[in-house]
Amino acid sequence: MGRIIAIANQKGGVGKTTTSINLAACLAEKGKKVLAIDMDPQGNMTSGLGVDRNNLEYSVYHALSGECNIGEAMLINVFENLNLLPASIELAGAEIEFAAREDNQYILKNLIKNAKKKFDFVIIDCPPALGILTVNSMTAADTVIVPIQCEFFAIDGLTQLIYTINLIRKQLNKHLEIEGVVFTMFDSRTNLSIQVVDNIKNELDQLIYNTIVPRNVRLAEAPSYGLPINLYDSRSAGAQAYRELADEVINNKMFL
Ligand SMILES: Nc1ncnc2c1ncn2[C@@H]1O[C@H](COP(=O)(O)OP(=O)(O)O)[C@@H](O)[C@H]1O
Ligand SMILES: [Mg+2]
């Protein structure tokens with residue numbers, strides 16, 4: 001059975017999408033069958049994987065709203081072993097449109113109910129908010145990975161995120177677990193990055209992945225070429241980090 005992982009943090013710009021794209025791609029490179037789901041209306045995961053989101057017949061929005069089935073919206077083998085439920089601009093209206101639906105926390109869960117049989121990993125890129133799209137993602141997920149940017153205010157908002165995850169566990173998805181925290185944009189030249197990592201390690205009672213993703217310009221460039229880091233610059237520090245993270249995720253002892 002596969003594992004459904006939501007990549008979530010309500011802060012923007014912390015590395016959710018970069019982690020979603022590159023973790024998904026590195027898992028696929030290791031031979032795992034992966035489904036990536038872009039739940040952010042900004043669609044950065046979709047474009048970062050080289051898909052033109054203005055030219056889609058159907059997207060995750062249409063599948064969620066029942067206008068098509070999941071197979072019609074899914075793009076098969078965008079890269080080898082990596083399949084994508086892309087986001088289109090219509091997803092921006094979903095928060096309001098779905099608010100009126102009675103099952104509105106379970107729409108994604110119902111949509112992907114068979115995905116665990118077909119895929120080893122489902123990686124969901126969440127938007128930078130704790131609204132309906134993130135709630136759907138966490139309700140559908142087995143676990144959450146929280147990317148944390150190594151910056152001064154990194155800890156702000158974490159309490160709220162953990163509170164939300166606990167609320168979802170109580171009310172919507174009792175099996176939901178935080179499988180780990182991953183530090184991103186680490187700059188070894190600054191004491192600040194090092195201090196942030198140390199402080200959070202002391203304060204957080206969560207598994208922290210040993211892989212620390214460095215600040216690496218190749219990671220920032222890759223999406224503009226529509227490529228994940230392992231295909232854009234296979235030998236970069238960014239590629240190395242996300243391959244290590246993929247190994248850690250595969251071998252996470254919660255699931256062995
Ligand atoms: N490790 C990194 N090194 C360099 N730039 C990065 C790294 N991780 C993310 N970025 C850049 O930082 C910005 C925000 O990252 P992104 O993954 O889009 O965050 P989020 O999805 O949380 O908003 C993007 O421009 C991205 O290319
Ligand atoms: Mg994003």
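Residues numbered from 1 in each chain as written. Chains lettered and ligands numbered in written order. Predicted model: local features only at pLDDT ≥ 70, side-chain atom pairs only at ≥ 80, totals over all residues.

## A closer look at unusual backbone geometry
Backbone geometry at N81 places phi at a positive 70 degrees, although glycine is not the residue there. Mapped onto the elements of the fold, N81 is located in the loop between β3 (75-79) and β4 (82-85). Note on N81: 20 C-beta atoms within 10 Å, which makes it buried. Even without a glycine there, the phi angle at M185 is positive, about 55 degrees. (Helix = DSSP H or I, 4+ residues; strand = E, 2+ residues; numbered from the N terminus. Buried ≥ 20, exposed ≤ 12 C-beta atoms within 10 Å, placed from the backbone.)

## Overview of helix α1 (residues 16-29)
Each full turn of the α-helix corresponds to 3.6 residues, which orients residues three or four apart in the same direction. With 14 residues, α1 extends 20 Å between its outermost C-alpha atoms, agreeing within 8% with the 20 Å of an ideal straight helix rising 1.5 Å per residue. Summarising burial for α1: 14 of the 14 residues are buried, a large majority. (Expected span 1.5 Å × (residues − 1).)

## Looking at the site of ligand 1
Surrounding ligand 1, one finds 16 residues, the nearest of these being K16, T17, T18, L219 and A220. Mapped by element, the contributors of at least two residues to the shell around ligand 1 are α1, β7 (177-186) and α11 (217-221). The element contributing the most residues to the shell around ligand 1 is α1, with 3 residues. Taken together, the residues of the shell around ligand 1 sort by class into 6 nonpolar, 8 polar and 2 charged. (Near = placed C-beta within 6 Å. Nonpolar A, V, L, I, M, F, W, Y, C, P; charged D, E, K, R; others polar.)

## Concerning the sheet that holds strand β8 (residues 208-214)
The 8 strands are arranged β3-β4-β2-β5-β1-β6-β7-β8 in an open sheet whose pairing can be described as mixed. The open sheet terminates on both sides in strands that have one partner only, identified here as β3 and β8. Within the sheet, the average angular offset between the axes of one strand and its neighbour, ignoring direction, is 25 degrees. Where β3 and β4 come together, 2 bridges link them in antiparallel fashion. What sits directly across from L75, in β4, is L84. (Pairing = 2+ DSSP bridges. Axes fitted to C-alpha atoms, helices over the stretch in contact; angles between N-to-C directions.)

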